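# Residue-level structural notes
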Amino acid sequence: MLDNVSLDHLRMFIAAADEGSFSAGGRRLRRAQSVISQTLANLEAQLGVKLFDRSSRSPVLTSQGLALLAEARAVVSRMDDFKARAKGMSDGLEPELSVVVDVMFPLDQLTSAVAAFQAEFPATPLTLHVEALGAVLQPVMERRCAFGVMGSLPTAPTYLTLERLLSVGMAFVASPSHPLASLKGPIPARVLAQHRQLVLTDRSVLSQGKDFGVFSPNTWRLADLGAKHAFLRAGLGWGGMPLGVVETDLEDGSLVKIRIEDIPDTRMVMPMSAVFRTDRPPGPAGRWLIERLKASIAPHARRARTRRRP
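Residues numbered from 1 in each chain as written. Predicted model: local features only at pLDDT ≥ 70, side-chain atom pairs only at ≥ 80, totals over all residues. Heavy atoms only, no water.

Here the focus is the overall build of the chain. When its secondary structure is counted, the chain shows eleven helices and eleven strands. Across the 310 residues in the chain, those meeting the buried criterion constitute 40%. For the chain, the proportion of contacts with a sequence separation of at least 24, taken over those separated by at least 6, is 70%. Surface exposure of the chain reaches about 16900 Å², of which carbon and sulfur atoms provide 53%. (Helix = DSSP H or I, 4+ residues; strand = E, 2+ residues; numbered from the N terminus. Buried < 20%, exposed > 50% of the residue type's maximum accessible area, 1.4 Å probe, protein only. Contact = heavy atoms within 4.5 Å. Areas by Shrake-Rupley, 256 points an atom, 1.4 Å probe, with all protein chains shown as cover.)

This is the structure:
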């Protein structure tokens, strides 16, 4: 008997429970009250469970009905998701989207774009990886991710297409207790070489044997930007960080900027780009997310300019 329970039965059950009467539930579904009443009676017979107490003027959910209502909602919701995904696929929408983002990309802009994506494509699962250097490009090159957002690795193979997104401000910083923090003026490379530099590394082989912005032979290499941040604050070394990450530290004195000889502040920027295989461009959901990332940049840039005004 339970095999005869249909989605139509469950939708009528939910409508009657939500509206508080069979007649109101019928109006919501554009069905006659008699149809709702008879269908729910048949549903109760098939389930062997009393869903509504009909002893008063308006039907009231029984304790069993209340428990099964949550299950009915879950079943109907899953079916709606199933139909939405099937329709999306028939329209060319990706069944799922995998993206890899450079750890240097501003987190607030990424969060805003992903929240908007969730609202626009609620039935499309999103897998998001946060990596650095070559570990951003490798899953794109191997077709494991539809696109990446790269920055910390400055070069990419020619068969990848790059679309510029923004530039991230960078700064070399150290704890105020670090010996470099007490030096005045730009610091020569020979002095930097005497102190441990904390360097971001990655889990790919693409940057193997390559160093970017490394001035000291004495390095500790970390794959996690959060760990690097904590180590810098603890005075375990000096290194480069995105300004957005260390902004509060610079304001409260937990970290201080150190200036490096021959590197003016105007050069302390990291270009960030969306990158994907030219022979496999993102589908509708991926393209939408790239455009959303671009759209989130303009208001962020305006806020940054406003903060800089005296």
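What follows is about the packing of helix α1 (residues 7-19) against helix α2 (residues 22-29). Across the interface, α1 lies against α2 with an axial gap of 7 Å and an inter-helix angle of 120 degrees. In terms of orientation, α1 and α2 fall into the oblique class. The way α1 lies across α2 gives a crossing that is right-handed. Residues Arg11, Met12, Ile14, Ala15, Ala16, Asp18 and Glu19 of α1 touch α2, and the partners they reach there are Phe22, Ala24, Gly25, Arg28 and Leu29. Of the residues assigned to the contact of α1 with α2, the class counts are seven nonpolar, one polar and four charged. (Axes fitted to C-alpha atoms, helices over the stretch in contact; angles between N-to-C directions. Parallel < 35°, antiparallel > 145°, perpendicular 65-115°, else oblique. Left-handed = near helix turned anticlockwise from the far one by under 90°. Nonpolar A, V, L, I, M, F, W, Y, C, P; charged D, E, K, R; others polar.)

On to the side chain of glutamate 131. In this structure, glutamate 131 sits in strand β4 (residues 126-131). Residue classification places glutamate 131 among the buried residues on the basis of a relative accessible area of 18%. Not counting chain neighbours up to four residues away, the residues in contact with glutamate 131 comprise Val100, Val101, Asp102, Val103, Val136 and Arg203.

Glancing now at helix α5 (residues 107-120). Over its 14 residues, α5 runs 20 Å from end to end, which matches the ideal 20 Å to within 8%, given 1.5 Å per residue. Within α5, the full set of buried residues consists of Gln109, Leu110, Ala113, Ala116 and Phe117. For α5, the angular spread of buried residues about the axis comes to 130 degrees, placing them on one side. Seen from the open side of α5, the exposed residues pointing more than 90 degrees away from its buried face are Leu107, Gln118 and Ala119. (Expected span 1.5 Å × (residues − 1). Arc of directions from axis to C-beta.)

So, on to unusual backbone geometry. With a phi angle near 65 degrees, arginine 143 is a residue other than glycine that sits in the positive phi range. The residue aspartate 262 is not glycine, and still its phi comes out positive at about 70 degrees. As for its position among the elements, aspartate 262 is in the loop between β10 (256-257) and β11 (269-277). A relative accessible area of 64% means that aspartate 262 is categorised as exposed.

Turning our attention to the environment of leucine 243. Looking at the secondary structure, you find leucine 243 in helix α9 (residues 243-252). A residue is classified by how much of its surface remains accessible, and leucine 243, at 29% relative accessible area, is partly exposed. Considered as a pair, leucine 243 and methionine 104 are 139 residues apart in the sequence and their alpha carbons are 9.7 Å apart.

What follows deals with the confidence of the model for the chain. This prediction gives the chain a mean pLDDT of 86; 88% of its residues lie at or above 70. Below pLDDT 50 for its whole length, residues 299-310 participates in four contacts with residues either more than four positions away or in separate chains. (pLDDT = per-residue confidence, 0-100.)

Per the stated rule, a full pass over the model turns up nine aromatic pairs. A centroid spacing of 5.1 Å and a plane angle of 35 degrees characterise the contact between phenylalanine 117 and phenylalanine 121, whose relative ring orientation is tilted. Each member of the pair, phenylalanine 117 as well as phenylalanine 121, is classed as buried. Here tryptophan 220 and phenylalanine 231 contribute two aromatic rings whose centre-to-centre distance is 6.3 Å and whose plane-to-plane angle is 70 degrees, an arrangement assigned as edge-to-face. Here tryptophan 220 is found in strand β8 (residues 219-222), whereas its partner phenylalanine 231 is found in helix α8 (residues 225-233), with eleven residues between them in sequence. Residue classification places tryptophan 220 among the partly exposed positions, given a relative accessible area of 35%. With a relative accessible area of 29%, phenylalanine 231 lands in the partly exposed category. Site record: aromatic cluster; members linked through ring pairs are Phe13, Phe22 and Phe52. (Phe/Tyr/Trp six-rings, centres within 6.5 Å; stacked < 30°, edge-to-face > 60°.)

A word on the pairing of β4. For strand β3 (residues 97-102) and β4, the ladder comprises six bridges, and the chain directions are parallel. Bridged to valine 100 within β4 is histidine 129. Between β3 and its parallel partner β4, the chain crosses via α5, and the hand of that crossover is right-handed. (Pairing = 2+ DSSP bridges. Right-handed = clockwise from strand over helix to strand, strands pointing away.)

Note that glutamate 163 resides in strand β6 (residues 160-174). Exposure remark for glutamate 163: the relative accessible area of 15% places this residue in the buried category. Separated by 2.7 Å, the side chains of glutamate 163 and arginine 287 make a polar contact. Here lysine 294 takes part through its side chain, which lies 2.7 Å from a polar atom of the side chain of glutamate 163. (Polar contact = N/O pair within 3.5 Å; in protein donor to acceptor, adjacent residues only side chain to side chain.)

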